[in-house]
Amino acid sequence: MLSNSAHSYSYEECKTISDWLLAHTEVRPLVAIVCGSGLGKLAEMIKDPVILKYKDIPNFPQSTVQGHAGQLVFGTLQGKHCVCMQGRFHLYEGYSIQKITLPMRVFKLMGVHTVILTNAAGSLNPGYRVGDIMVIKDHINMPGLSGNNPLVGPNDDRFGTRFPCMSDAYDRKLRQLAQEVGAELGFSDFLKEGVYFVLGGPSFETIAECRMLHMLGVDAVGMSTVHEVIVARHCGMRCFALSLISNEAVMEYTSQEKANHEEVLETGRVRAGQMEELVSTIVSRLEEYSAC
Ligand SMILES: O=P(O)(O)O[C@@H]1C[C@H](O)[C@@H](CO)O1
């Protein structure tokens, strides 16, 4: 049973899930990786995997979206203990915003200090192409601006402060590391950095909405990541996020293009190898950037 309200998880409930997971794997993850739509293959990088399906984890939400397998993969990546979410939760699946961000608090209680999030997103920046990878430097939180923020409700100081700062949400050193690694791997032509805009979905944007986002200086639009980042930052985890540009936003009324989930998944398949290389090389260098 959930306490407080039907929509939020108490510290003790998060701890119960964390303890259950720790009892089912010997992996003690320091890094968590969240796989976006079509990016589930990232989990295949994990060595000696221990797979726990969401349906078997007490009180855990279930994945309902194609391209999100619905399991946690524990193991090592570049010798580091990691957990990989092969499938994330979205607001449009009908879950509360507290429920879709539950894994962040569970990971924190398991000992995770760094979260690497990935997503598929549509581009608003005319300089971007399908297949580009955007390092997220900042976000605009559309649901949050209208009151739907995952931290709404009583604050538990054991997780973090009532009013967390978000001007440093996306770790600057990790963003710099990503650019260095990208250059070494020969990815500079398609590695960008920009601002991600989150909306509720599941409908894609109208042409008028895309034009508005473009005027706001948005580089990419999607339906995830930001809520997880807010909760992860609230409880003191370091965040780094990548958007795979899976489609270009439709800006012209004469255009025949239509955003669709199949194209999103297909772009993920095409870029999976490079995303893997980028993420695993970043993980291999993490200690150069912190005490971990
Ligand atoms: O989980 P992500 O943000 O990668 O998923 C994106 C947004 C929608 O869930 C879906 C649209 O194709 O992909």
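Residues numbered from 1 in each chain as written. Predicted model: local features only at pLDDT ≥ 70, side-chain atom pairs only at ≥ 80, totals over all residues. Heavy atoms only, no water.

1. Considerations on the overall build of the protein
Here's step 1: Regarding its fold elements, the protein presents seven helices and nine strands.
Here's step 2: Relative to a compact globule of 292 residues, whose C-alpha radius of gyration would be 19 Å, the protein shows 18 Å and is just as compact.
Here's step 3: Counting across all 292 residues of the protein, residues that qualify as buried make up 54%.
Here's step 4: Considering only contacts in the protein between residues 6 or more positions apart, those separated by 24 or more positions represent 81%.
Here's step 5: Total accessible area on the protein stands at roughly 12,500 Å², and carbon and sulfur atoms take up 52% of it.
Here's step 6: Each charge class in the protein was averaged separately, 26 positive and 32 negative side chains, and the resulting centres sit 3 Å apart. (Helix = DSSP H or I, 4+ residues; strand = E, 2+ residues; numbered from the N terminus. Rg over C-alpha atoms; globule rule 2.2 N^0.38 Å. Buried < 20%, exposed > 50% of the residue type's maximum accessible area, 1.4 Å probe, protein only. Contact = heavy atoms within 4.5 Å. Areas by Shrake-Rupley, 256 points an atom, 1.4 Å probe, with all protein chains shown as cover. Lys, Arg positive; Asp, Glu negative; His and termini not counted. Charge placed at Lys NZ, Arg CZ, Asp CG, Glu CD.)

2. What to know about the site of the ligand
Here's step 1: Not every one of the 13 residues close to the ligand is listed here, only the nearest: Ser37, His90, Tyr92, Ser224 and His261.
Here's step 2: Here an oxygen atom of the ligand sits 2.7 Å away from a polar atom, N or O, in the side chain of His90.
Here's step 3: Within the residue set of the shell around the ligand, elements represented by two or more residues are β5 (114-123) and α7 (261-284).
Here's step 4: Split into classes, the residues belonging to the shell around the ligand amount to five nonpolar, seven polar and one charged. (Near = heavy atom within 4 Å. Polar contact = N/O pair within 3.5 Å; in protein donor to acceptor, adjacent residues only side chain to side chain. Nonpolar A, V, L, I, M, F, W, Y, C, P; charged D, E, K, R; others polar.)

3. Focus: the environment of Glu209
Here's step 1: Positionally, Glu209 belongs in helix α5 (residues 207-215).
Here's step 2: In terms of polar contacts, Glu209 uses its side chain to reach the backbone amide nitrogen of Thr206, at 2.8 Å.

4. Regarding the UniProt feature "binding site: phosphate" (unreviewed entry) in the protein
Here's step 1: Under the feature "binding site: phosphate" (unreviewed entry), the UniProt entry names Ser37, His68, Arg88, Phe89, His90, Ala120 and Ser224. The named residues occupy 188 residues along the chain; their greatest pairwise C-alpha distance, 13.5 Å, places them in one compact cluster.
Here's step 2: Looking at the secondary structure, you find His90 in the loop between β4 (80-86) and α2 (97-110).
Here's step 3: With sequence-adjacent residues up to four places away left out, His90 is seen in contact with Val65, His68, Tyr95, Ile100, Met223 and Ser224.
Here's step 4: If you trace the backbone, Ala120 turns up in strand β5.
Here's step 5: The class for Ala120 is buried, based on a relative accessible area of 18%.
Here's step 6: Setting aside residues no more than four positions away along its own chain, Ala120 makes contact with Ser37, Leu244, Ser246 and Val264. (UniProt positions renumbered as here; feature names shortened; annotations may be inferred.)

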